[in-house]
Amino acid sequence: MKQLKINPDQCIGCRACELACALENDGVLASGHSRIDVISFTESREYGLPYHFPSTCRQCEDAPCLITCPEDAIAWDKQNKRILQIDREACTGCSLCIHACPFGAIRMESESRKVYKCELCNGYPACVEICPTNAISMVDQNPYFVKITALQMKAFLLLKKRNVDK
Amino acid sequence: MKPLSNKPTFPIGGYHRKLLRVDLTKGSVRSEEIPTHILENYIGGTGLGIYLLYTEVPPRTSPIEAENKLIFSTGPLTGTLVPGSGTYAVISKSPLTGFAAAAQANGFFGARLKAAGYDALVVEGHSSSLVYLHISQRNVELIPAEFVKAKGVFETERLLRGHHGEKGFERRISVAAIGPAGEHGVRYAAIGSDGGHMVASGGLGAVMGSKNLKAIVVEGGGPVPIHPDRVGDFKAAVQQWREEAGATGLGKTVHEKGTLGLFKAYHDKGWVPVKNLTTNQLPDEALEQLDWSYMRNTLYEKVPKACHACTFRHCHTVRVKEGHYKGIVGEEPEYEILAGFGPNWGIHDPGAITMLNNLNDNLGMDAKEVSFLISMLMEGVEKGEINKENLDGIDLTWGNIEAVEQILRKISKRDGIGDVLAGGVMRTARDLGGEMDDMAVYVKQGNAPHIHDPRTRWGTLFTQVISNTASQEGMDMTSRANPELGFTEPTSEPDAYLAEVQAKTGPKRQFEECLVFCYFQACSLKHTVYTMNVLTGGAFTVQECLTVGERVINLLRIYNVREGLVMDDDCYSHRLGERPKDGPGKGKSMNPTFDRVRAAYYQSMGWDEKGVPIPETLERLGLGFIIDDAIIQK
């Protein structure tokens, strides 16, 4: 099952993915409409080695957005591509999904008051096509469980607490 | 291409047709519409800039008085998926030369200015207190900047970005700032943006400082207009551009080697400047240390830091891993810095060069002017023309890195001898007197050239001698051809063919500077014009675009003539005509043929024998409106 794979170490911070996404999905050359975001962290006081981090929806198997939506407006695609799709007709703009997503991947469109997120361009992501360094690719992967990540974070906190309390 | 339902009118995309005008004296901002015919004739970038400079700033205005204007300009392709389209141009009257200056910087600033809703920004007047400008889609405001006064370019950027919601990271905000050099009116002060991208030529940082404007913060995210019917064709055009640019010209090498990879080849041709052009020989151990592979694979820990929509692994932020400067973090030097802060100063340690580049960028100065200024002083010390006492006790001998640091800091604050040195190479040479002017490297309009030894690189030398913007106007064809412009062979001798090359490559390059995109990401001229037409709905032919470039050159030229340019300014300093004593260029000089080349160039351009555009040329280019202004005054 093909999913988006992001390798931040290969990212050069060009942000072409943001524009390509917006152009493909909304027909606008505007990074504000992008479903993928690139954040570049800087390390030291004045200037540091940057860390470029592209992030978007992970199409979680146990998606909190799907579970939370009171209108059942978020559902899996019918072609079994494992893409979580938003039914904009059903969406009321309540924004519960925005709060539920731990990755900040769901966005609110101000004019329509509907939410939107990455839907993998129906199988051929524009970001994959434009990325000059293959930092974003579309490859076979195991399903992603956000609960696993949550458990891992819980483990780290427990271990740290053990060290601190000693 | 599918025809639109109505008759296509230019522009249907690419431009907002909006100019932001900021009056610092009144503290007011205003958005204006740019008339379509201006964009048709000048496209954007340098073209739009010189049109505004010529028509709005009165003749003989001093660069640092309130009436001068500082123009920031983008083009129709800025902020799109054209690779390297985050670039912006800055145009004004130069405090270094007294003529026009047009310089560009890459990064994201241009793309974000466009995304905020503006094609161009005109800064006017003087602010009574230090301020910075904040531009977003929602509003534009002037904000007190005391808290960043005297701070370096990088620190200013960091603080202002943090102030507007991006503390410790970057997402949508770009900052263009001056350092102490700009605040103190150093005549070659630069503007720096996006962590080390410098608007370097012509001292535009001093113009910004004279207006008491410390920085400009732009927040992007908004749209660059594109017509729905053109989306498919634009995507295809951009894809072709991205592939072509990576497979041709400079694109082929910078991906792996940056511009560092040029060093060895240039050294073997005798083009690396060594010790103020007193020699062309470098010791072997210097060549080993200044090798791109050693630097990229051993010396540096590096992370790519690409510009807007760029496809290359060219620019990097680096940390030095070994040597005396271990731990230093900065931008990977470009070739000109490697040469100019290295062998030109008798320095061979790339760690030191990285540190000095950082320092210079942070203080906010033009590396070209700094390089040839310090190399001249070092030679002066060697030859006994000047000594420590002349330099406030600083022992500026070849290779003395600490001395260079001290001098740079003094210049940036006009402290002591720094006040003299802040005038640049030509003024300093004349102020210090003696034999200094014979050693000095400059073109006679008043600026130091790009950091090469151009004495046997005729194209590079000539294109800077006749440049109207304190930089390079055309292209050097000494080692390459350009079939699109009709040159199937490189130029290898300084003869009349060189004049013709300049007359043809100048318009091409100046047209590209109206579009404003990164020079390394160039594809064919034909495809550049095609892509522009797809987005804007224009129907420009390649020839019409070259005419735009020619129009821009002539307007720049007339502007400079109006401000006092004479034929003798189109020349170079004594040292640049001196024959190299050793190396591959030994014994060669442009002196015997220069007058002939210059005369042939004027004629090719449709100018009189003094280098002034004749009325017929101006009429042909639609510049008839300025005939009354400039020529009658003469």
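By convention here, each chain's residues receive numbers from 1 onward along its written sequence. Labels follow written order: the first chain is A, the first ligand is 1, and so on. Local features in this predicted model are restricted to residues of pLDDT 70 or higher, and side-chain atom pairs are both shown and tallied only at a pLDDT of 80 or more, whereas totals for entire chains, interfaces and linings draw on every residue.

A few words now on the overall build of chain B. Comment: elements are numbered from the N terminus, with helices defined as DSSP H or I runs of at least four residues and strands as E runs of at least two. Helix and strand counts for chain B come out as 26 helices and 16 strands. Seen through its C-alpha atoms, chain B measures out along the principal axes to roughly 75 × 55 × 50 Å. For chain B, with 634 residues in total, the buried portion stands at 59%. We call two residues in contact whenever the C-beta atoms placed from their backbones are within 7 Å. The long-range share in chain B, meaning contacts at least 24 apart out of those at least 6 apart in sequence, stands at 71%. Burial is judged by counting other C-beta atoms within 10 Å of a residue's own C-beta: 20 or more means buried, 12 or fewer means exposed, and anything between counts as partly exposed, with every C-beta placed from the backbone.

With that settled, the discussion passes to the domain arrangement of chain B. All names here are of chain B. Just so you know, the domain bounds were taken from an automatic or database domain assignment. We note that the domain assignment places domain 1 (18–219), domain 2 (252–439) and domain 3 (455–630) within chain B. Look at where the C-alpha atoms of domain 2 and domain 3 centre, and you get two points 28 Å apart. At the junction of the two partners, domain 2 supplies 15 residues and domain 3 supplies 14 residues. Elements that contribute at least two residues to the side of domain 2 that touches domain 3 include exactly helix H9 (262–269) and helix H18 (436–439). Broken down by element, the residue count for the side of domain 2 that touches domain 3 peaks at three residues, all from H18. Considering only residue class, the side of domain 2 that touches domain 3 consists of six nonpolar, five polar and four charged. Throughout this entry, Asp, Glu, Lys and Arg are counted as charged residues, while Ala, Val, Leu, Ile, Met, Phe, Trp, Tyr, Cys and Pro are counted as nonpolar. The remaining residues, Gly among them, count as polar.

Next up on the list: the environment of Gly564 of chain B. Mapped onto the elements, Gly564 of chain B comes out in the loop between helix H22 (542–562) and helix H23 (574–577). Once the C-alpha coordinates of Gly564 of chain B and Arg60 of chain B are considered, the two residues, 504 residues apart in sequence, prove to be 8.3 Å apart.

Residues and elements named next belong to chain B. To estimate how far a helix should reach, multiply one less than its number of residues by 1.5 Å. For helix H13 (residues 350–363), with 14 residues, the first-to-last C-alpha span of 20 Å sits near the 20 Å given by 1.5 Å per residue. Judged by how many residues are buried, H13 sits mostly within the fold: 13 of 14 residues are covered. Positive backbone phi, at 85°, marks Gly364, one or two positions downstream of H13.

We now examine the interface of chain B and chain A. The parts lose accessible area when they come together, and the size of an interface is often stated as this lost area. Of the residues lining the interface, 35 residues belong to chain B; the matching set on chain A comes to 26 residues. Elements that contribute at least two residues to the side of chain B that touches chain A include exactly helix H4 (153–163), strand S9 (169–170), helix H7 (231–247), strand S14 (300–304) and strand S15 (316–320) of chain B. As paired elements, strand S2 (residues 37–41) of chain A and S9 of chain B share two bridges and run antiparallel to each other. Following the sheet pairing, Ser40 of chain A is matched in S9 of chain B by Glu170 of chain B. Strands qualify as paired when DSSP identifies two bridges or more between them.

In this section: the confidence of the model for chain B. Residues and elements named next belong to chain B. Each residue carries a pLDDT value, the predictor's own confidence for that position, ranging from 0 to 100. Looking at chain B as a whole, its pLDDT mean stands at 94, while 97% of the residues score no less than 70. In this model, residues 1–6 is a region of pLDDT below 50 whose contacts with residues beyond four sequence positions or in other chains number four contacts. Interface confidence for the predicted complex, given as ipTM, is 0.94, next to a pTM of 0.96.

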